[in-house]
Amino acid sequence: MLRYTLMRLGIFAGCLVVVWGLVYSGVMPRGLGDSNGMWVILLALLISAPISFVVLRKERDRASVQIVERVDRVKANLEANRSQEDVADDSARAQGQTS
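Residues numbered from 1 in each chain as written. Predicted model: local features only at pLDDT ≥ 70, side-chain atom pairs only at ≥ 80, totals over all residues. Heavy atoms only, no water.

Student: Help me out: how do you make sense of the packing of helix H1 (residues 2-25) against helix H2 (residues 36-55) in this one?
Tutor: Packed helices, taken two at a time, are described by the angle between their axes plus the distance between the axes. Close contact between H1 and H2 brings their axes to 8 Å; oriented N to C, the two are set at 135°. Taken together, H1 and H2 sit at an angle that is classed as oblique. For the element pair H1 and H2, the recorded crossing hand is right-handed. Considered class by class, the residues forming the contact of H1 with H2 number 18 nonpolar, three polar and one charged. (Axes fitted to C-alpha atoms, helices over the stretch in contact; angles between N-to-C directions. Helix = DSSP H or I, 4+ residues; strand = E, 2+ residues; numbered from the N terminus. Parallel < 35°, antiparallel > 145°, perpendicular 65-115°, else oblique. Left-handed = near helix turned anticlockwise from the far one by under 90°. Nonpolar A, V, L, I, M, F, W, Y, C, P; charged D, E, K, R; others polar.)

Here it is as structure tokens:
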């Protein structure tokens, strides 16, 4: 999961550098007034999102599998704890009835 996040941030950073260079070289228009920084960041985000979607498909699938496995493991642990509590409760009730 960390690998996917770092790769996604890398693509965003690359797009940010490219957009920043294009804006300051005059190829792309600057923002209005003091909004230039926000314009560059939003444009880089807009460009990096579809690139990440296409380029990182396999990595995203791997991260998704890891998340599903982790959730399944937590569910299994919760179910095991719940069944242990049921056994302990049943044995306490059985001892209470025989006394």
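Student: Got a minute to help me understand the environment of Leu 22 in this structure?
Tutor: Following the sequence through the fold, Leu 22 ends up in helix H1. Given the relative accessible area of 30%, Leu 22 is considered partly exposed. Considered as a pair, Leu 22 and Val 40 are 18 residues apart in the sequence and their alpha carbons are 9.6 Å apart. When near neighbours in sequence (up to four residues on either side) are disregarded, Leu 22 contacts Val 27 and Met 28. (Buried < 20%, exposed > 50% of the residue type's maximum accessible area, 1.4 Å probe, protein only. Contact = heavy atoms within 4.5 Å.)

Student: How should I be thinking about the side chain of Ser 48 in this particular structure?
Tutor: Along the chain, Ser 48 turns up in helix H2. Looking at Ser 48, its side chain comes within polar contact range of the main-chain oxygen of Leu 45, at 3.3 Å. Setting aside residues up to four positions removed in sequence, Ser 48 forms contacts with Ile 11, Phe 12 and Cys 15. (Polar contact = N/O pair within 3.5 Å; in protein donor to acceptor, adjacent residues only side chain to side chain.)

Student: Can you walk me through the nonpolar core in this structure?
Tutor: Most often, soluble globular proteins have nonpolar side chains that are buried together. Core analysis: the largest hydrophobic core is formed by ten residues, namely Tyr 4, Ile 11, Cys 15, Val 19, Val 23, Val 40, Leu 43, Ala 44, Leu 56 and Ala 63. Every element with two or more residues in this core is listed here: H1 and H2. Per-element tally for this core: the top contributor is H1, with five residues. (Core = buried A, V, L, I, M, F, W, Y, C linked by side-chain atoms within 4.5 Å.)

Student: Would you mind going over a nonpolar patch on the surface with me for this structure?
Tutor: Judged by side-chain polarity, Leu 46, Ile 47, Ile 51, Phe 53, Val 54 and Val 55 come together as a nonpolar surface patch covering roughly 570 Å² of accessible area. Inspection of the secondary structure puts Val 54 in helix H2. Classification of Val 54 as exposed rests on a relative accessible area of 56%. (Patch = residues over 30% accessible without salt bridge, like charges linked within 9 Å, V, L, I, M, F, W, Y side chains within 5 Å. Areas by Shrake-Rupley, 256 points an atom, 1.4 Å probe, with all protein chains shown as cover. Salt bridge = Lys/Arg side-chain N within 4 Å of Asp/Glu carboxyl O.)

Student: Just checking my understanding: could you explain the side chain of Glu 59 for this structure?
Tutor: Here Glu 59 is to be found in helix H3 (residues 57-98). Polar contacts involving the side chain of Glu 59 include one to the side chain of Arg 3, which spans 3.5 Å. With residues near it in sequence (within four places) discarded, Glu 59 still touches Arg 3, Tyr 4 and Met 7.

Without other data, these values stay purely geometric and don't point to any function.
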